[in-house]
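Spelled out, the chains give:
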Amino acid sequence: MIELNNLIRDNIKALKPYASARDEFSGTEGVFLDANENPFGDLNRYPDPYQMELKTALGKVKNIDSNSMFIGNGSDEVIDLLYRIFCNPGKDKALTFSPTYGMYDVSAAINDVELLKVELDENFKLDFDKLAPFLENDSLKLILICSPNNPTGNSFDFTLTERIIANFNGIVLVDEAYIDFSDTRSTTELIGKYPNLIVSQTFSKARGLAAARVGIAYSNPEIIALLNKVKPPYNVSLLNQQAAILALENRAQFDADLQLILSEKEVLKNQLEALEIVVQIYPSDANFFLIEVKDANRVYQNLVDQKIIVRNRNQVVRNCIRITVGNSSENQQLITALKTIEL
Ligand code: PMP
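The rules behind these values
Residues numbered from 1 in each chain as written. Predicted model: local features only at pLDDT ≥ 70, side-chain atom pairs only at ≥ 80, totals over all residues. Heavy atoms only, no water. 1 Å grid on protein atoms, 1.4 Å probe; cavity = no way out; pocket = protein on both sides within 12 Å on 5 of 7 lines; lining within 4 Å. Points joined across faces, edges and corners; volume = space filled by probe spheres on them. Helix = DSSP H or I, 4+ residues; strand = E, 2+ residues; numbered from the N terminus. Pairing = 2+ DSSP bridges. Axes fitted to C-alpha atoms, helices over the stretch in contact; angles between N-to-C directions. Phe/Tyr/Trp six-rings, centres within 6.5 Å; stacked < 30°, edge-to-face > 60°. Buried < 20%, exposed > 50% of the residue type's maximum accessible area, 1.4 Å probe, protein only. Lys NZ or Arg CZ within 6 Å of the ring centre and 35° of its normal. Contact = heavy atoms within 4.5 Å. Near = heavy atom within 4 Å. Polar contact = N/O pair within 3.5 Å; in protein donor to acceptor, adjacent residues only side chain to side chain. Areas by Shrake-Rupley, 256 points an atom, 1.4 Å probe, with all protein chains shown as cover. Nonpolar A, V, L, I, M, F, W, Y, C, P; charged D, E, K, R; others polar. Core = buried A, V, L, I, M, F, W, Y, C linked by side-chain atoms within 4.5 Å. Domains from an automatic or database assignment. Buried area = accessible area lost by both parts, 1.4 Å probe.

Take empty space enclosed by the protein next. Tallied over the full model, the rule gives 1 cavity of 30 Å³ or more. Along the walls of the largest cavity sit L58, K62, D180, Q201, T202, F203, R207 and I216, which together make up its complete lining. Among the secondary structure elements, those contributing two or more residues to the lining of the largest cavity are helix 4 (52-62) and strand 6 (197-202).

This part covers the sheet that holds strand 4 (residues 140-146). Judged by pairing direction, the sheet is mixed, and its 7 strands sit side by side in the order 1-7-6-5-4-2-3 without closing on themselves. The strands lining the two open edges of the sheet, one partner per strand, are strand 1 (69-72) and strand 3 (114-119). With direction set aside, neighbouring strand axes in the sheet form an average angle of 25 degrees. In the sheet, strand 2 (residues 93-98) pairs with strand 4 via 4 bridges, with the strands oriented parallel. In the sheet register, L95 faces strand 4, and the bridge partner there is I143.

Here we take up the packing of aromatic side chains. Per the stated rule, a full pass over the model turns up 5 aromatic pairs. Measuring from ring centre to ring centre gives 5.5 Å for Y101 and Y104, while their planes differ by 85 degrees; the resulting arrangement is edge-to-face. Among the residues examined, Y101 registers a relative accessible area of 24% and is labelled partly exposed. The side chain of R185 reaches across the aromatic face of F158, ending 3.9 Å from its centre.

Relative to the helices and strands, N287 is located in the loop between strand 8 (278-281) and strand 9 (288-293). Ignoring anything within four residues of it in the chain, the contact list for N287 reads Y178, F181, I261, I323, T324 and V325.

In the vicinity of the ligand there are 13 residues, among which S75, D175, T202, S204 and R213 approach most closely. For the ligand, a nitrogen atom lies 2.6 Å from a polar atom in the side chain of D175. Here an oxygen atom of the ligand sits 2.8 Å away from a polar atom, N or O, in the side chain of Y178. Summarising the interface, the protein chains cover 91% of the accessible area of the ligand, which totals 400 Å² for the free molecule. Its residues assigned to classes, the shell around the ligand comprises 4 nonpolar, 5 polar and 4 charged.

F97, L131, I143 and F203 are the most contacted members of the largest nonpolar core, which totals 46 residues. Here this core spans two domains, and each of domain 1 (4-249) and domain 2 (252-339) adds at least three residues to it. Sequence-distant contacts of F203, that is, excluding residues within four places in its chain, are made with L54, L58, G208, L209, A210, V214, I216, A244 and L248.

Bringing the domain arrangement of the chain into the picture now. When cut into domains, the chain gives domain 1 (4-249) and domain 2 (252-339). In this structure, domain 1 and domain 2 have C-alpha centres spaced 29 Å apart. The interface of domain 1 with domain 2 comprises 18 residues on the first partner and 16 residues on the second. In total, about 1500 Å² of surface goes out of reach between domain 1 and domain 2, with carbon and sulfur atoms giving 66% of it.

Structure below.
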């Protein structure tokens, strides 16, 4: 059984968190002269540090209790906070599966935490046997699993993911930034079962709010309390919170946009498959494709010259580019541009 208390860094355990004016008095009525705010203007007041209105709205959609939710300044903030809470710099280790999302590396480096990598197999699947020896390592505190995975696009097997969570005595983050594009099961359903599980999702992808910077962590109330303890007091602006609430209220728009992206994804896939320049398209549960082409550097540069910007992932997976599904017109411009490239 996981003893959460043994996993938290001592300095975080001992930390006396900053108490904001809104922590000291959380009512909404009265003359507020407690936060050194400006009495004039529309955005003059600090936002709710715990984003309760947003959490209530999100809770209704997801059927999850507010005290099992943390709102971050993007889900990137969640990644950084987890390193800071659970990994002693220069001492503890984290682990992920490669290739995967680049911020796990960057956040680890910023926090002076070594990030171990277990390679995915040739179909980008998880291999539990390859991971198993690492689970014995006492200095391993955090495992980051990205599903659907960026940049490969595939989801990992739910049972295998659960096996990792169940067999690890540290913290597991399952990053589900792209889950809304797939019909695979979310690991949020395991939160009550495993005290070491955190699941992150985001408003940046299917909910179309990348500019607003709103990410979510779902976990048990103890871990949520730790995230709240360490975060900057007002980490999500009022404008961001309002944008997220509006997006949740606009359910019909969300469904329509999502369906459109998914149908465009099918059209794009068929068109890409027909191109001679494309060697293979990896299966995708996300809103992008990882595509192997004959010469990724040349294809990338040629597309840039035609003002079409994709992601060159040649350094990560040889001769691969990552293409986000755009709207119909954007996808057609991409296909037209790809057709002009001579092999
Ligand atoms: N996780 C994954 C797998 C991502 O691809 C991204 C964005 N590129 C993020 C997290 C961060 O998303 P955000 O901070 O916008 O919520």
